[in-house]
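# Overview (structure and organization)
Letter by letter, the chains look like this.
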Amino acid sequence: MPTLDDILENVGEFDRFQKQTFFVLCLLSAAFTPVYVGVVFFGFIPEHRCFSPGVAELSQRCGWRLEEQLNHTVPEWSGHGAGFSSRCRRYEVDWNATGVSCTDPLGSLVGNRSSVPLGPCRDGWVYDSLGTSLVTEFNLVCEDSWKLDLFQSSVNAGFFIGSINIGYIADRFGRRFCLLNTILANVVCGTLLVFVPTYLWIVILRFLQGLVSKGCWTAGYILVTEVVGPRYRRTVGILYQTAFSVGLLVFDAVAYAIPHWRWLQLTVTLPSCFFLLYYWCLPESPRWLISQGENDKAMKIVSDMAKKNRKKMPSHFEDIKLEEEDGGKQSPSLIDLVRTPQMRKNTFILMYNWFTSSVLYQGLIMHMGVAAGNVYLDFLYSALVEFPAAFIIIVTIDRVGRRYPWAAANLVAGAACLVTALIPEDIHWLKVIAACIGRMGITMAFEMVCFVNTELYPTYIRNLGVMVCSSLCDVGGVIVPFIVYRLVEVWHDLPLVVFGKCHLTSLLAAPGVQQWGPRSKGREKPRRQLLQVQQKPFPVYKSHSLQFITTWCLFMHSCLLCPYYCSLHFKGS
């Protein structure tokens, strides 16, 4: 019995049919960008200070320049920026009082400048920004700054909860069915975000958007790798992720042109409506159909593929029943992901690496949003380095395997974070270069974990396996906003130290990825080799790999959260 790969060798492994499918799914990948990293622009934090009644009038009467006004009326203001007191406290004086001196206004009001009482910003804030963001609209600063952390954590919480559910739907009802329904839900939630008036509804809709959007992206990734021949599977998987990098560039340009977050949200959501047209132009995965025992439908898609590719299917294939190496209809189950010692080892190591990769990738992006400098240019530079990362993977992956490029990428990413933290702020260009090197390293590690994840599972649980393993990526995404936005209040580069330490420890899992070698001639391993399913009760966990991963996950939990609690202590004191 021939496999689908045998047939694709005759009708085209990456011809017109596959290229069309690849192109339309790459558009979907690019459109995922605003959901994943949108907080950089939707939640942009401009320089701000308390609004004090009477200051504007006094400044106009005295003829102060802006810098003079800030030095006279804002606590602890310096030319190099503002601290907590400058942004979140104001002088408790009456600036509308008569006889206020223009040369020493505080001295004329209270006599001793050092004894001027400070109070909270009761009348709001003044933001040095031409546009609007969630921060400026809902005043998510100072005591309410944690609400911005919650905004980003909510979408990652949606990713986490949706991972298993959407993964099961894609494996149970098909990739195409999953894609179309999640696209529709994503468009509805993204559009409603533009019009809801309260912060609470924004967080709820952001959570619902996360619930479906990552599942949509992952189902597209699985589908694009399942319609091509084995020789092109890794390449299209990497290029599908590169389309996300293209989306970063487009999103940066659109955000620069539209500095108002609600209009920006509407602009990046409406184009997704066209993805509903995929109902007429996107095929179901023939591999999934075969895994479900629907060989006739799979044969119909293969015939359409041959016609589109202008190839003639050999006569001895036309009436034959296709049989995938998995053989027969299979029902996906979470138990299959941990059924054998080798499968458990694969699953837990992948989970751990999804976690560390997500913490560093999202952390670098969020940290860039609060760093000094032009956020649009810094975002552009860091997005551009993702393209050479993809090129390096394509060039090296089949020549030296997965293990060494993956280990090198993790080493570069972690070391670059530590180096960036040590570079002084006044050498901003060097910090940007070091951060971009770290971004390139983590992009390589992230992309490799993603496509290796698809290689280590058979067709009938592939989507479920990717979703479950990548759910640890979402756990990292939930805690990252609190790490970044809280630790920068202690030391601006403290998050980079935490990220570097986190990612360097992931190298300790390197001995467990010896099986990440290239497959024989790019073919999938038969299910009997991948799962080694035995007719006996579910085995007890005796694998040292599980103990290893559990120990290091707890260790990383301590590494990540201890600095956070320290920041609360120092802030409280």
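The structure this text deals with has already been given above.
Scope of this entry: the structure provided in the associated data block. (Residues numbered from 1 in each chain as written. Predicted model: local features only at pLDDT ≥ 70, side-chain atom pairs only at ≥ 80, totals over all residues. Heavy atoms only, no water.)

Turning to the side chain of Lys431, a few remarks are in order. Here Lys431 shows up in helix α23 (residues 428-455). For Lys431, a relative accessible area of 8% puts it in the buried group. Ignoring anything within four residues of it in the chain, the contact list for Lys431 reads Thr420, Ala421, Ile423, Pro424, Glu425 and Asp493. (Helix = DSSP H or I, 4+ residues; strand = E, 2+ residues; numbered from the N terminus. Buried < 20%, exposed > 50% of the residue type's maximum accessible area, 1.4 Å probe, protein only. Contact = heavy atoms within 4.5 Å.)

What follows covers the state of the cysteines. For the structure on display, the rule yields 3 disulfides. Each sulfur in the disulfide pair Cys50 and Cys121 lies 1.6 Å from the other. Between Cys50 and Cys121, the S-S torsion sits near -40°, and that sign places the bridge as left-handed. You can see Cys50 sitting in strand β1 (residues 48-50) and its partner Cys121 sitting in the loop between β3 (118-119) and β4 (125-127), a full 71 residues away along the chain. Taken individually, Cys50 and Cys121 each receive the classification buried, so the pair is uniform in this respect. The disulfide that involves Cys88 links it to Cys142, with 2.0 Å between the sulfurs. In this structure the cystine formed by Cys88 and Cys142 twists about its S-S bond by roughly -95°; its chirality is therefore left-handed. Here the residue Cys88 occupies a position in helix α7 (residues 84-88), and Cys142 occupies one in the loop between α9 (134-138) and α10 (146-173), the gap between them amounting to 54 residues. The residues Cys88 and Cys142 share a single accessibility class, namely buried. Cysteines bonded in the protein chain are numbered consecutively along the chain; their disulfide partners then correspond to 1-5, 2-4, 3-6. Looking at the unpaired Cys216, the closest cysteine sulfur is the one in Cys178, lying at 7.2 Å. Residue classification places Cys216 among the buried positions, given a relative accessible area of 7%. (Disulfide = S-S within 2.5 Å.)

Another aspect to go through is helix α14 (residues 261-269). Of all 9 residues in α14, 7 are buried; the element is thus mostly enclosed. Here α14 has its buried residues at Trp261, Arg262, Leu264, Gln265, Leu266, Val268 and Thr269. Turning to α14, the residues buried within the fold contact α3 (33-37), α4 (39-42), α9, α11 (175-195), α12 (199-226) and α13 (233-257).

Quick look at the nonpolar core now. Formed by 121 residues in total, the largest nonpolar core has its most connected members in Leu25 and Tyr36. It is helix α24 (residues 459-487) that contributes the most residues to this core, 14 residues altogether. Core analysis: the second largest hydrophobic core is formed by 15 residues, Leu8, Ala298, Ile301 and Ala306 among them. (Core = buried A, V, L, I, M, F, W, Y, C linked by side-chain atoms within 4.5 Å.)

A few words now on the packing of aromatic side chains. If you walk through the whole model with that rule in mind, you get 23 aromatic pairs. On the numbers, 5.3 Å between centres and 80° between planes, the contact of Tyr256 with Tyr376 is edge-to-face. Placement of Tyr256 in helix α13 and of Tyr376 in helix α20 (residues 375-384) is noted, with a sequence separation of 120 residues between them. In this structure, Arg176 packs its charged tip against the face of Tyr279, placed 4.9 Å from the ring centre. (Phe/Tyr/Trp six-rings, centres within 6.5 Å; stacked < 30°, edge-to-face > 60°. Lys NZ or Arg CZ within 6 Å of the ring centre and 35° of its normal.)

Turning next to the packing of helix α2 (residues 16-31) against α12. It is the contact of α2 with α12, at a shortest axis distance of 10 Å, that shows an interaxial angle of 155°. Judged on the interaxial angle alone, α12 and α2 are roughly antiparallel. When you trace α2 past α12, the crossing you get is left-handed. Taking contact as the criterion, the partners of Phe22, Leu25, Leu28 and Ser29 in α2 are, on α12, Cys216, Trp217, Gly220, Leu223 and Val224. Taken together, the residues of the contact of α2 with α12 sort by class into 7 nonpolar, 2 polar and no charged. (Axes fitted to C-alpha atoms, helices over the stretch in contact; angles between N-to-C directions. Parallel < 35°, antiparallel > 145°, perpendicular 65-115°, else oblique. Left-handed = near helix turned anticlockwise from the far one by under 90°. Nonpolar A, V, L, I, M, F, W, Y, C, P; charged D, E, K, R; others polar.)

The next thing to look at is the side chain of Arg206. Structurally, Arg206 can be placed in helix α12. Salt bridges are absent for the buried Arg206, whose nearest opposite-charge side chain, Asp474, sits at 12 Å. Separated by 2.9 Å, the side chain of Arg206 and the backbone oxygen of Val35 make a polar contact. Residues in contact with Arg206, not counting those within four places in the same chain, are Pro34, Val35, Gly38, Val39, Phe151, Gln152, Ser154, Val155 and Leu193. (Lys, Arg positive; Asp, Glu negative; His and termini not counted. Salt bridge = Lys/Arg side-chain N within 4 Å of Asp/Glu carboxyl O. Polar contact = N/O pair within 3.5 Å; in protein donor to acceptor, adjacent residues only side chain to side chain.)

Assessed through its relative accessible area of 11%, Cys121 is described here as buried. Taking the C-alpha atoms as reference points, Cys121 and Glu92, separated by 29 residues in sequence, lie 9.9 Å from one another. Contacts of Cys121, omitting those with residues within four sequence positions, involve Cys50, Arg87, Cys88 and Arg89.

Here we come to a nonpolar patch on the surface. A cluster of nonpolar residues, Val412, Trp429, Leu430, Ile433 and Ile437, forms a patch on the protein surface that exposes about 450 Å² of accessible area. It is α23 that contributes the most residues to the nonpolar patch, 4 residues altogether. Here Leu430 lies in helix α23. (Patch = residues over 30% accessible without salt bridge, like charges linked within 9 Å, V, L, I, M, F, W, Y side chains within 5 Å. Areas by Shrake-Rupley, 256 points an atom, 1.4 Å probe, with all protein chains shown as cover.)

All quantities given are derived from atomic positions and should not be read as evidence of function.
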